[in-house]
Amino acid sequence: MALLYRAELHPTKLELLAGWLPGRPWYRGQAGDVVRLASYRFDDPAGEVGIETTLLRVGDGPVHQVPLTYRGAPLDGGDDWLLGTAEHSVLGRRWVYDACGDPVYAAALAGAILGGAGQAQEYFEVDGRRQLRQPTMTVTGSGGEGSPVPAVGALRRVVDGDPALVVTDAVELTVPRRLGDDAGAPAGARLIGTWPGQPTPLPLAYASPR
């Protein structure tokens with residue numbers, strides 16, 4: 001479950017992304033206004049880290065996939081993955097990271113793919129009551145629900161490319177940055193997704209135990 005707030009964020013996530021994307025080696029497009037197409041979330045069992053993956057486009061460029069984590073304090077050793085900080089009107093200062101460098105994201109992604117956990121249900125906290133928010137896209141892991149997932153452990157190596165490669169103690173994760181080209185995709189379990197305008201499922205990530 002992902003618990004959200006009706007709150008303001010300054011700068012906004014899209015503003016942070018607009019300034020960060022042009023410097024990425026895998027980005028294809030011009031600098032400009034970032035348009036969010038859809039997003040999906042995972043649950044942090046500890047309830048400390050927000051985990052959201054956004055699909056976005058600038059102009060008529062390709063669809064890019066950017067997983068982000070939101071933290072209430074800096075991630076130790078995570079400076080290379082920091083987009084910036086933002087002020088949340090309810091939660092205060094948030095540190096926003098490219099999630100490929102965040103071990104909490106790696107564990108959540110492995111669980112979604114290998115253990116069938118899928119995406120988190122999203123709720124708004126309104127006047128002390130929870131209201132379900134309908135997702136903007138649907139993602140499904142190929143692992144059976146409740147299947148055992150190896151303890152991910154520490155991040156051993158992260159390659160910031162397209163696709164991004166995240167190597168942990170127990171699992172190797174592959175995250176395409178630009179969607180739509182499945183050539184050379186690794187074998188094994190994967191996460192697929194659909195969203196408005198994309199009714200045919202596309203691969204979003206891959207996982208293989210080491």
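What you see as residue numbers is a count from 1 along each chain, following the sequence as written. Residue-level local features of this predicted model are given only where pLDDT is at least 70; pairs of side-chain atoms are given and counted only at 80 or more, and the full residue set underlies all totals for whole chains, interfaces and linings. Excluding hydrogens and water, the side-chain values take into account all heavy atoms of the structure.

### Quick look at the overall build of the protein
Argument step 1. A count of helices and strands for the protein gives two helices and 15 strands.
Argument step 2. Under the scheme applied here, a residue whose accessible area is under 20% of the maximum for its type counts as buried, over 50% as exposed, and between as partly exposed, the area being computed with a 1.4 Å probe on protein chains only. Expressed as a percentage of its 210 residues, the buried residues of the protein come to 46%.
Argument step 3. Across the protein, the fraction of contacts at a sequence separation of at least 24, relative to all contacts at a separation of at least 6, is 59%.
Argument step 4. Put simply, the protein shows about 10,300 Å² of open surface, and 49% of that area lies on carbon and sulfur atoms. Put simply, DSSP H or I for four residues or longer makes a helix, DSSP E for two residues or longer makes a strand, and each gets a number counted from the N terminus. Note on definitions: a residue-residue contact is assigned when non-hydrogen atoms from the two residues lie within 4.5 Å. Every accessible area reported is derived by Shrake-Rupley at a probe size of 1.4 Å, with residue values counting cover from the shown protein chains alone.

### With respect to the environment of Thr69
Argument step 1. In this structure, Thr69 sits in strand S5 (residues 64–71).
Argument step 2. With residues up to four places along the chain from it excluded, the contact list for Thr69 reads Val49, Gly50, Ile51, Trp95, Val96, Tyr97, Ala99, Asp102 and Tyr105.
Argument step 3. Any N or O atom pair separated by 3.5 Å or less is treated as a polar contact, with the protein-specific requirement of one donor-capable and one acceptor-capable atom, and with residues adjacent in sequence counted only for side-chain atom pairs. Among the polar contacts made by the side chain of Thr69, one reaches the side chain of Asp102 at a distance of 2.8 Å.

### Notes on the environment of Pro196
Argument step 1. Mapping Pro196 onto the fold places it in the loop between strand S14 (189–195) and strand S15 (198–209).
Argument step 2. Taking the C-alpha atoms as reference points, Pro196 and Met137, 59 residues apart in sequence, are found 7.2 Å from one another.

### Some remarks on the side chain of Arg94
Argument step 1. Along the chain, the position of Arg94 falls in strand S7 (residues 92–98).
Argument step 2. Within the buried set, Arg94 has no salt-bridge partner at all; the shortest N-O distance to an opposite charge, 6.9 Å, is to Glu48.
Argument step 3. Within the structure, the side chain of Arg94 is placed 3.4 Å from the backbone oxygen of Tyr70, a separation counted as a polar contact.
Argument step 4. Residue contacts for Arg94: discarding those within four places in its chain leaves Glu48, Tyr70, Arg71, Gly72, Gly84, Thr85, Ala86 and His88. Within this scheme the basic residues Lys and Arg register as positive and the acidic residues Asp and Glu register as negative, but His and the chain ends are omitted. We define a salt bridge as a side-chain nitrogen of Lys or Arg found within 4 Å of a carboxyl oxygen belonging to Asp or Glu.

### A word on the nonpolar core
Argument step 1. Residues belong to a common nonpolar core when they are buried Ala, Val, Leu, Ile, Met, Phe, Trp, Tyr or Cys residues joined through side-chain atoms within 4.5 Å. Formed by 34 residues in total, the largest nonpolar core has its most connected members in Phe42, Leu109 and Leu191.
Argument step 2. Elements that contribute at least two residues to this core include exactly strand S3 (34–42), strand S4 (50–58), helix H2 (103–114), strand S12 (164–168), strand S13 (171–175), S14 and S15.
Argument step 3. Looking at which element gives the most residues to this core, the answer is H2, with eight residues.
Argument step 4. Aside from chain neighbours lying at most four places away, what touches Leu191 is Tyr40, Phe42, Leu109, Ala112, Ile113, Val139, Thr140, Gly141, Leu202, Pro203, Leu204 and Ala205.
Argument step 5. Core analysis: the second largest hydrophobic core is formed by 16 residues, Tyr27, Val34, Leu83 and Ala86 among them.

### Regarding the sheet that holds S15
Argument step 1. Strands sit in the order S10-S14-S15-S13-S12-S11 across an open sheet of six strands; the sheet is antiparallel. Strands with a single pairing partner mark the edges of an open sheet, and in this sheet they are strand S10 (138–141) and strand S11 (155–159). Averaged over all neighbouring strand pairs, the angle between strand axes comes to 20°, with direction disregarded.
Argument step 2. At least two bridges found by DSSP between two strands is the condition for calling them paired. Bridge count for S13 against S15 is four bridges, and the pairing is antiparallel. In the sheet register, Glu172 faces S15, and the bridge partner there is Ser208.
Argument step 3. Every angle, taken between N-to-C directions, lies between 0 and 180 degrees, and every axis is a line fitted to C-alpha atoms, over only the stretch in contact when it is a helix. Its contacts with the sheet put H2 on S10, S11, S12, S13, S14 and S15, and the angle it makes with S13 is roughly 90°.

### With respect to unusual backbone geometry
Argument step 1. Here Asp162 and Pro163 are connected by a cis peptide whose omega angle stands at 5°.
Argument step 2. Its place among the elements puts Pro163 in the loop between S11 and S12.

### Thoughts on the pattern of salt bridges
Argument step 1. For the structure on display, the rule yields nine salt bridges.
Argument step 2. Residues Arg71 and Asp102 are paired through a salt bridge, measuring 2.8 Å at the closest nitrogen-oxygen approach. Of this pair, Arg71 sits in strand S5 while Asp102 sits in the loop between S7 and H2, and the two are 31 residues apart along the sequence.
Argument step 3. Accessibility expressed as a relative area gives 15% for Arg71, which makes it buried.
Argument step 4. The exposure class of Asp102 is buried, given its relative accessible area of 0%.

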